[in-house]
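Observations on the model geometry
Here is how the chains run, residue by residue.
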Amino acid sequence: DQGKHADLLDDLNPAQRAAVEHAGAPLLVVAGAGSGKTRVLTRRIAYLLAARDAHPGQIMAITFTNKAAAEMRERVGELVGRRSGAMWVSTFHSMCVRVLRREAKTLEMSSNFSIYDADDARRLLTLVARDLDLDSKRYQPRALAAHISNLKNELIDSESAGSHATNDFERRAAEVYVEYQRRLSQANAMDFDDLIMRTVELFQVFPDVAEYYRRRFRHVLVDEYQDTNHAQYTLVRELVGTEPTESGVEPAELCVVGDADQSIYAFRGATIRNIEEFERDFPNARTILLEQNYRSTQTILSAANSVISRNPNRRDKRLWTSEGDGERVVGYVADNEHDEAAFVAGEIDDLVDQGVAKYSDVAVFYRTNNQSRVFEEIFIRLGLPYRVVGGVRFYERKEVRDALAYLRVLANPDDTVSLRRILNVPKRGIGDRAEACVATHAERERISFVSALRDAVADRVPMLNPRSRKAITAFVELLDGLYKLVDSGVEVADILEAVLDRTGYRAELDASDDPQDASRLENLDELVTVAREFTESAAEAAALAPEAADDEPDAGVPEPGSLPAFLERVSLVADADSIPESDGGDAEDDTEAEAEDSGVVTLMTVHTAKGLEYPVVFGTGWEDGVFPHLRALGEPKELAEERRLAYVAITRARERLYVSRALVRTQWGQPAANPASRFLDEIPVELLDWRREAPASGGGGSPRAATTWGGRPGTGSDSAQSRIASGGMRTTGFTGTRGDWKDTVALKLDAGDRVNHDKYGLGTVVSTDGSGPRATATIDFGTAGTVRLMLIGSVPMVKL
Ligand code: ATP
Ligand code: MG
C-alpha cells in the first residue's frame, strides 16, 4: 500500500506534495497559472482515498464550470476508478440543487422546483415591473435582474433589500425584488442565485441539516477559489464549519486553490477578498505557494508576467519553467476580421500539415461570443473541423426554449413563466387579453396560473370571451393528455416528440418555407437527440453504478433518466459554460474515428477557457474596444479585470501563442477602426514575432495607421479596405468626404460634455479614454446609438 501512495506523490514537486499530504487545518494553495493547482486538487482526492482512508462519499469537490467538473471527474476516475462515482464533483449550482431537492421539505417547498435561468428571470421581472407600473425605460428588466442578482450574491434577501437601498432605483428595485420572490415561490421556481442563497439559509437556519452535511462531507475542495462570491464563500464556510458542532462534529477539512490574477468574474460579484482574507476567516489556516509552471514555455510565461505586472495592487509572483524559451509569440495585424480569421485558419492548416499540431491541440479565443461567427464561416468553407464551446447557446434559442418550457410545465405545473410562454405557442387563439384576464383572476384569488386556467375552463374567470374560453379548454386538454403520457413513464425523448406533434409545433415549422424554420426544425431534432442520449447514459450509469454503501439514496433527488432529471441537466448547462454549438458543430459529430486521429479545433471565449490548456492558442481581436472591452476603457477597475483576462488567455498556451488584431472590424453592424489593444504593447517586443504589421501609410505609428487610410478612401492598397472605408466607419471621425466636415482637431472632452455631431446629432459623452493620438470618447447619441469616436484629426463634431 505504501507504494501506492508513493505513486501519487512521485511526480509532484515538494510544495505540491505538501499540499496533497497536508491534514487538518484549512489549506489555501495560491499560485499562478499552470503551476499545478488543479493537479494538486485531484491528486489530493486520490490521496485521501488511498492513504487516509476517506470514502468517496465523504468528498465534495467544487469547480467553476460544468466542463471543469466533468474533467475533474474524469481525472479522478483515472486515478481511483469506479469508486469515484460516489463523490460529489460539481459546480456550486448543481451541488446546491442536489442539496435543495433533498431538503425541499425542510424549506416547505416541493422538490420538483424549476430552475430559472437569466432569460426566465428577465421574463418574470418584465411581468413584475409591468404589474407594478414601473417605467420600463428607467427600470429595465436587465438592470433590475443585475441589481437583484448582486443583492443575492451578497446574501441580502428581499425583506432586507429595502433597508440597503440608497437611491430611488434601489428602493424601487427592492419592491420589485419582494414581488419577484413571491412570484418565484408561487411558480415553485428558483433562479440561479437563489440556489446558493437558499442553501446558505438552509444551513444557517437548520443547524441539524448543516450538521448532517458536515458529518457526511469530511473533505471539501474548491478549485478556482478566486472566482467565488460572498454567497459562495459563506456556503463553503457553513458547509465545513469553523468550530465543532454541539454534538461534537469537527469542522470538515477544507482545501481551496486559486490565483488572484485569474479573477475574472467580478461582474458577478466574485471577490478576491475571499483569497486575501482566507487566513483571517479560517484561523490556523495554512497557505502554500507554488511557483513552478509546468504548462508553458518561458516565452509565453514572460509575456504573461509582463502583461499582468501592469495591474496595480497585486502581489507580485514570478512564474518560471524549466521548459526553455520555445517559439516567440506570433503577432498578426489583419485588414479586417475576415482576414484575421483567414490567417488563423491558414496557420492551423500549416501547423497540421507540418505535423506540428493536431486540430485538437488548437484553441481560438475571442472576447465575446459573437466573434465566433466569422471563424465558423471560414472554417466551414475550408473544411476545418471545429466546435464552438458556448456561443449562441443552443439552449437560448427560441424553439429550444419553447420545447423545454412545455417539458417544464409537465414537470412542474406551477411554473408560471414557462406556462405563460407556451400559452399561445404555437398560436391557438389565446390572445394577450385572455391571458391578462386569467392572470388577474390568479392574482385576485391568489391561486397559481394553472389553477386559474382551469377556472377559465369552468367559466369562473370574469370578462373572458367564449372564444378564448374554448381555446383555453383545448389547451388544458392538450396538457392533460401530455400529463397522462408523463405518468405512464415513457422516456423523455418520447414526451418531447409528443409535445412537438400534439401541439402542432413541428407541423407549423414543416409547412413554412422560411429557411430559418428549417434550421429551427434541426435544432428541435437535436434536442430530441440530446434527450435520447440522456436516457441512454442514465441507463449506462445505472448499470455501472458503484455499490455506494456509504451513499444512501437521496430523497427528493430526481430519478436518473426521469423528466425532472433531464430538466435539471439542461438548466444547469446554461451555467457559466455551455454545451458545444449544434449547427456548424456537426463537425463535432463527424465520425468519432476521425476525432480520435486529429480531433477538432476549439473555439471559445476566454472566460470559458479558464483552467484549460492547449499546445497552440490563438488570441484574436486584441484591439482596444474589443479586448479590452469597450466598457472597460475608462474604468481602471474593469480594465484590471480585462488584463487578468488577458493573463488567463496567454497562460492557456503550452507551446505556441498567436495574438492578432484587425484594423477594421464590424461591430454593431458598422465597420469600426479600433486601435491596437494596449495589452499588445505590454508584451515585450523581443518576445514578439510580427508576421504582419499595420501599414505605415500617411501619418505614422501603428495606432494611427488604421485610421489614417480609413479617412482617405481610395488610398488604401487593398480594395477590401477601400470598400469598407467608403462604407462609412462608425466609430471614428475619419470617414466620409473630408471637405464636408468641420475641422476640429483633437477635441478635448470629458464625461458629461454635450456635443453635436454632423451625422449622429446631439450626444452626451459617457466616458473618455487615452490621450494624444489615442484619445477616444464614448458618446451616447440617443436613438442613433452609443458610439466610440477617436478625437484626433477632423472630427465632424463640436462641443456645446
Ligand atoms: P490554472 O491556473 O490555469 O488553472 P493550474 O495551476 O490549475 O492552472 P494545472 O492545470 O493543474 O495548473 O497544471 C498545469 C499543467 O502542468 C498540467 O498539464 C499538469 O498536468 C502539469 N503539471 C502540474 N504539476 C506537474 C508536475 N509536478 N510535474 C509535471 N507536470 C505537472
Ligand atoms: Mg486549474
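Computed from a predicted structure; not experimentally measured. (Residues numbered from 1 in each chain as written. Chains lettered and ligands numbered in written order. Predicted model: local features only at pLDDT ≥ 70, side-chain atom pairs only at ≥ 80, totals over all residues.)

1. As for the overall build of the chain
Where we set the bar: Secondary structure elements follow DSSP: runs of H or I no shorter than four residues count as helices, runs of E no shorter than two count as strands, and numbering proceeds from the N terminus. Field definition: a residue is buried when 20 or more other C-beta atoms are found within 10 Å of its C-beta, exposed when 12 or fewer are, and partly exposed for counts in between, with C-beta atoms placed from the backbone. Note that contacts rest on C-beta atoms placed from the backbone: two residues are in contact if these are within 7 Å.
Within the chain one finds 33 helices and 21 strands. Of all 800 residues assigned to the chain, the portion counted as buried reaches 49%. Counted over contacts in the chain with a minimum sequence separation of 6, partners at least 24 positions apart contribute 74%.

2. Quick notes on the site of ligand 1
Here is the rule we go by: By definition, a residue lies near a molecule or strand provided its backbone-derived C-beta atom is within 6 Å of it. Side-chain classes are defined by residue name, with Ala, Val, Leu, Ile, Met, Phe, Trp, Tyr, Cys and Pro counting as nonpolar, Asp, Glu, Lys and Arg as charged, and the others, Gly among them, as polar.
Contacts to ligand 1 come from 19 residues, most closely from Gly36, Lys37, Thr38, Arg39 and Tyr294. No other element matches the 3 residues that helix α3 (residues 37-51) contributes to the shell around ligand 1. The class makeup of the residues in the shell around ligand 1 is 4 nonpolar, 9 polar and 6 charged.

3. Regarding the sheet that holds strand β20 (residues 786-790)
Note the threshold: Two strands form a pair only when DSSP identifies at least two bridges running between them. Every angle, taken between N-to-C directions, lies between 0 and 180 degrees, and every axis is a line fitted to C-alpha atoms, over only the stretch in contact when it is a helix.
If you walk across this open sheet you meet the 5 strands as β20-β19-β18-β17-β21, and the pairing is antiparallel. Single-partner strands in this sheet number two, and they are β20 and β21 (797-799). Within this sheet the neighbouring strands show an average axis-to-axis angle of 35°, counted without direction. Of the strand pairs in this sheet, strand β19 (residues 776-780) and β20 are connected by 5 bridges, and their pairing is antiparallel. What sits directly across from Ala777, in β20, is Leu789.

4. A word on the sheet that holds strand β3 (residues 88-91)
Within a sheet, each strand pairs with its neighbour through backbone hydrogen bonds, oriented either parallel or antiparallel. Taken in spatial order, the 6 strands line up as β3-β2-β6-β7-β1-β8 in an open sheet, and their pairing is parallel. Looking at strand neighbours, the two that pair on one side only are β3 and β8 (286-290), the edges of this open sheet. Taken over all neighbouring pairs, the strand axes of this sheet differ in orientation by 15° on average, direction set aside. Pairing of strand β6 (residues 219-222) with strand β7 (residues 253-258) involves 4 bridges; the strand directions are parallel. For Val220, the partnering residue across the bridge sits in β7 and is Leu254. Sheet contacts for helix α2 (residues 14-21): β1 (27-31) and β8; angle to β8, the most-contacted strand, approximately 150°. Sheet strands touched by α3: β1, β2 (59-63), β6, β7 and β8. Its angle to β7, the strand with the most contacts, is close to 160°.

5. Some remarks on the pairing of strand β17 (residues 754-757)
Of the strand pairs in this sheet, β17 and strand β18 (residues 761-769) are connected by 4 bridges, and their pairing is antiparallel. Bridge pairing in β18 places Arg754 opposite Thr764. Bridge count between β17 and β21: 3 bridges; the pairing is antiparallel. Bridge pairing in β21 links His757 to Met797.

6. Here we look at the UniProt feature "domain: UvrD-like helicase ATP-binding" (unreviewed entry) in the chain
We count it as follows: UniProt positions are given in the numbering used here, feature names are shortened, and annotations may be inferred rather than shown by experiment.
The sites that UniProt annotates as "domain: UvrD-like helicase ATP-binding" (unreviewed entry) are residues 10-297. Between the end C-alpha atoms of residues 10-297 there is a gap of 23 Å, over a span that is 51% helix and 12% strand.

7. Description of the environment of Val490
Following the sequence through the fold, Val490 ends up in the loop between α22 (466-487) and α23 (492-502). Exposure remark for Val490: the 13 C-beta atoms within 10 Å place this residue in the partly exposed category. For the pair formed by Val490 and Ser562, sequence separation is 72 residues and the distance between their alpha carbons is 9.1 Å. Dropping the residues within four chain positions of it, Val490 is found in contact with Leu485 and Ile495.

8. Thoughts on the packing of helix α6 (residues 118-131) against helix α9 (residues 168-186)
Which entries qualify depends on this criterion: When describing relative orientation, an angle under 35 degrees is termed roughly parallel and one over 145 degrees roughly antiparallel, while 65 to 115 degrees is termed roughly perpendicular and anything else oblique. In a left-handed crossing the near helix is turned counterclockwise from the far helix by less than a right angle, and in a right-handed crossing that turn is clockwise.
It is at 10 Å that the axes of α6 and α9 come closest, and there the two elements cross at 120°. As the angle between them shows, α6 and α9 are arranged oblique. Between α6 and α9 lies a crossing whose hand is right-handed. Only Val176, Glu179, Tyr180 and Arg183 of α9 make contact with α6, whose side of the interface consists of Leu124, Leu125, Val128 and Ala129. A class-by-class count of the residues in the contact of α6 with α9 yields 6 nonpolar, no polar and 2 charged.

9. Quick look at the environment of Thr368
Looking at the element boundaries, Thr368 is found in the loop between β10 (362-366) and α17 (372-382). Thr368 sits in the partly exposed class, given 14 other C-beta atoms within 10 Å. Distance from Thr368 to Ser537, taken between C-alpha atoms, is 32 Å for residues 169 residues apart in sequence.

10. Points about helix α7 (residues 141-153)
As a reminder, the rule being used: A helix is expected to span 1.5 Å multiplied by its residue count minus one. What the arc describes is the spread of directions from the helix axis to the C-beta atoms.
Counted at 1.5 Å a residue, the expected span for α7 with its 13 residues is 18 Å, and the 18 Å between its end C-alpha atoms agrees. Among the residues of α7, those classed as buried are Pro141, Leu144, Ala145, His147, Ile148, Leu151 and Lys152. Within α7, the buried residues cover an arc of 165° as seen down the axis, which keeps them to one side. Buried residues belonging to α7 abut α6, α8 (158-164), α9, α10 (192-205) and α12 (230-240). Where α7 terminates, the next one or two residues include Leu155, which has phi positive at roughly 60°.

11. Details of the domain arrangement of the chain
Selection rule: Where each domain starts and ends follows an automatic or database-derived domain assignment.
We note that the domain assignment places domain 1 (2-104 + 196-290), domain 2 (114-187), domain 3 (395-541) and domain 4 (737-799) within the chain. Here the C-alpha centre of domain 2 lies 32 Å away from the C-alpha centre of domain 1. Listed by partner, the interface residues are 9 residues for domain 1 and 6 residues for domain 2. Among the secondary structure elements, those contributing two or more residues to the side of domain 1 that touches domain 2 are α10 and α12. Across the side of domain 1 that touches domain 2, the residue classes break down as 4 nonpolar, 4 polar and 1 charged.

12. A short note on the confidence of the model for the chain
For clarity, the threshold we go by: Scored between 0 and 100, pLDDT is the confidence that the predictor attaches to each residue.
Confidence in the prediction for the chain averages 84 pLDDT; 86% of positions are at 70 or higher. The least confident element of the chain is helix α33 (residues 719-726), whose mean pLDDT is 30; the most confident is strand β13 (residues 614-619), at 98. For residues 576-596, every residue scores under 50 in pLDDT, and the model assigns this stretch 42 contacts once sequence neighbours within four places are set aside. Contacts of residues 698-745 to residues separated by more than four positions or lying in other chains number 99 contacts, the stretch itself having pLDDT below 50.

13. Quick notes on the nonpolar core
Nonpolar side chains tend to gather and get buried jointly when the protein is soluble and globular. To be explicit about the condition: A set of buried residues qualifies as a nonpolar core if it consists of Ala, Val, Leu, Ile, Met, Phe, Trp, Tyr and Cys joined through C-beta atoms within 7 Å.
With 91 residues, the main nonpolar core has Val29, Ile45, Ala61, Leu125, Val220 and Leu239 as its most contacted residues. For this core, the domains that each give at least three residues are domain 1 (2-104 + 196-290) and domain 2 (114-187). Those residues in contact with Ile45, other than ones at most four positions away along the chain, are Ile59, Ala61, Val76 and Leu221.

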